Structures are given as structure tokens and as C-alpha cells.
Amino acid sequence: TTLLGGGFGRRLESDFVAEAVSISKAVRAPVKVIWSREDDTKHGFYRPATYNQLTAGLDEQNRAVAWRHHIVAPPILTKFGPLENGIDRTLLQGASGVPYAFPNVLVDQVAVDLPVPLGFWRSVGASQNAFVVESFMDELAEAAGRDPFEFRRELLQAKPRHLRTLELAATKAGWGTPLPAGRGRGIALAEWAPTTCADVAEVSVAPDGTVRVHRVVCAVDCGPVVNPDTIEAQMQGGMVFGLTAALYGEITIDKGRVQQSNFTDDRMLRMPEMPVVEVHIVPSSDAIGGIGEPSVPPIAPAVCNAIFAATGKRIRRLPIGKVV
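Description of the structure in this document. (Residues numbered from 1 in each chain as written. Predicted model: local features only at pLDDT ≥ 70, side-chain atom pairs only at ≥ 80, totals over all residues. Heavy atoms only, no water.)

**Considerations on the nonpolar core**
Nonpolar side chains tend to gather and get buried jointly when the protein is soluble and globular.
Turning to step 1, where the next piece is worked out: Within the largest apolar cluster, 60 residues are counted, with the highest numbers of intra-cluster contacts made by Trp67, Phe102, Val303 and Ile320.
Turning to step 2, where the next piece is worked out: In this view, valine 303 contacts Ala201, Val203, Val211, Val213, Leu243 and Ile320; residues no more than four positions away in its chain are not counted.
Turning to step 3, where the next piece is worked out: Grouped together as the second largest cluster of nonpolar side chains are seven residues, Leu118, Phe120, Val124 and Ala126 included. (Core = buried A, V, L, I, M, F, W, Y, C linked by side-chain atoms within 4.5 Å. Buried < 20%, exposed > 50% of the residue type's maximum accessible area, 1.4 Å probe, protein only. Contact = heavy atoms within 4.5 Å.)

**A word on helix H6 (residues 228-247)**
Note that an α-helix has 3.6 residues per turn; residues three or four places apart therefore point the same way.
Turning to step 1, where the next piece is worked out: Taking 1.5 Å as the rise per residue, H6 with 20 residues should run 28 Å; its terminal C-alpha atoms sit 28 Å apart, in good agreement.
Turning to step 2, where the next piece is worked out: Close packing links the buried residues of H6 with strand E5 (195-205), strand E6 (211-221), strand E9 (276-281) and helix H7 (299-311).
Turning to step 3, where the next piece is worked out: In this structure asparagine 227 caps H6, since a side-chain oxygen of it lies 3.1 Å from the backbone nitrogen of aspartate 229. (Helix = DSSP H or I, 4+ residues; strand = E, 2+ residues; numbered from the N terminus. Expected span 1.5 Å × (residues − 1). Polar contact = N/O pair within 3.5 Å; in protein donor to acceptor, adjacent residues only side chain to side chain.)

**A closer look at a negative patch on the surface**
Turning to step 1, where the next piece is worked out: Together, Glu19, Glu38, Asp39, Asp40 and Asp265 line one region of the surface with negative charge.
Turning to step 2, where the next piece is worked out: Assessed through its relative accessible area of 32%, glutamate 19 is described here as partly exposed. (Patch = residues over 30% accessible without salt bridge, like charges linked within 9 Å, V, L, I, M, F, W, Y side chains within 5 Å. Areas by Shrake-Rupley, 256 points an atom, 1.4 Å probe, with all protein chains shown as cover. Salt bridge = Lys/Arg side-chain N within 4 Å of Asp/Glu carboxyl O. Lys, Arg positive; Asp, Glu negative; His and termini not counted. Charge placed at Lys NZ, Arg CZ, Asp CG, Glu CD.)

**Considerations on the pattern of salt bridges**
Turning to step 1, where the next piece is worked out: Under the definition given, this model contains 22 salt bridges.
Turning to step 2, where the next piece is worked out: Two residues, arginine 215 and glutamate 202, come together in a salt bridge whose shortest N-O distance is 2.9 Å. Here glutamate 202 lies in strand E5 and arginine 215 lies in strand E6, a separation of 13 residues in the sequence.
Turning to step 3, where the next piece is worked out: Exposure remark for arginine 215: the relative accessible area of 19% places this residue in the buried category.
Turning to step 4, where the next piece is worked out: Accessibility expressed as a relative area gives 6% for glutamate 202, which makes it buried.

Right, dumping it as C-alpha cells:
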């Protein structure tokens, strides 16, 4: 397997090795197998589709008192053997152990078998669960009649690392200050333990439903910092990855075949679409954490929460596509 950055979970698979071996047995010459972009798109190992049902409770003072998150998804870990107690722990990343101080919490998962090859994706389960959790946190804040930032802040008093990350992002983004006409601002927080990351996105939606992300302010607490330039680059790269998935990333299957093939129908974020990104590192002496994955999970919910602020429309399915 080529030791190359950016392969993520795909490099854990061995199907291309088996293909090279099979061809080598059939010809009397050295063999080098290179997949085309179309091969790679049509024969990948895909991020699991998930269905989520969430409910929450507020008391008479509109304080959050209960949280329930039910996840239905095909498990990735069955390729390595039986699931422990029927649970795929990767599908609970970012859902179990939510940092908010709900007195009553229930998170459960039902594993379903779907005939789609599954693999590990940058930030794995936290990528989709942060979208689900942080989007619903905004809905809960709205139901409580609270500002989304202040609502989260109140529930993070026992989590200082999460709290200071959220507060730095909000402060640097100018949370609560006026925006140009037609823009909305959204906030989201996620954890790739022990690193915490918060994003504030500024978004507008054109009359035809096209979403434009203008600015993202990111705060990250990864513990003691060794190389701040590397941290900034990883945060920016994770945002491109996460924005591409949030806006466009969709694989559809018809009669057992993947319909997408190349950048023409499986598009990525393009250079003119890239928002202005500001990365702020939280001064921290807490446990040191990784930096390659944490910027992916919060970007989708930050953008979707900003879409709601701008248009009043909730996004409950990814990719976003056009807001209609």
C-alpha cells in the first residue's frame, strides 16, 4: 500500500492489491495497477448513510432537561468481526458523550445491513453526528427562545475546554454584531477527543437556492502547540473536505452500480467558492490531541445553522444542494 497522506480509510482496503496479484498471475511481465478517477469513484468504500431520530425536553423555565438520540446505520466494523453487544462504536462518535449538561441522556444505535461497501472517512462517525447533534442543538435553542451561542454556553459550564473553544470562535467572529443584508451566521461545536473545535460560518442563499459560504471563523483547542502553521493548514484543509461533503457529496446507486464517475457529477468545492477562513488556536495546557480530523465535523452544522439564520429553513439532510 502506498504510504500517502490523504487516502484516509481507503488505504486500509486491499481490493486493489488483489487485482494486481490476479493480473500478475496472468501475464509474464511486471504489473503496475493504477485506477482511473472513474474506477475509484465507482468502486469505493463509502461513508455509511445514517438515519437519526432526536427528541429533547425543556422544563417550565425552558432549561434543557433531557436528550435522546436514536441512530440507525449500517456498521463499518463488521468487516473486522462480530460487533460487541451489537454496537459499532465508530457510529456513535460525536453522539455518545455529548458535552452538554443534560440531566437525562439516552443514545442508542441499531445496526442494519445494507449492500453498500463501507469504509472509514475523515473523522469517521463524528462527521455525520456533529451535523445531527449541532443542528438539533440549534432547534432546541430556538424552542427555548434562546440565542444559539448563549444556549450552548450555559450547558458547557462543566466542560471548560469546550466552553473556551466555543467562546473564542464566537468572539473572533463578532457573534451578535450586524451582518450584511441577506447573510446569516451559524455556530457549531464538535470534538475529536481530546481536541475540540468550534466554527462560526457566515452564509448567504441566492434566489435560485445556491448556498455561498463567505467566511468561517474556527477556534481549536488541541492542547500544547508544537507547530501553529501546521494546525492552521489542517484546519483549512478539513474545512474544504467538510464543505465539499456538506454542499455536494452524494453517491447514488442504481441497480447495484454507482452512478457518479468523475468531477463532472461528483463535484468538489472550487477555488472561487472557498470562504475566507480564520483559524484561532486556544492557549491550552490540557492533553495534546490530533489535528488532522477535528475541523471536519463542525463545518456542516455551522453552515446549516447559518442557512436557517438567513432564510428560516432547516436543513435535515446532507448534502445541502440548493435550498428550496
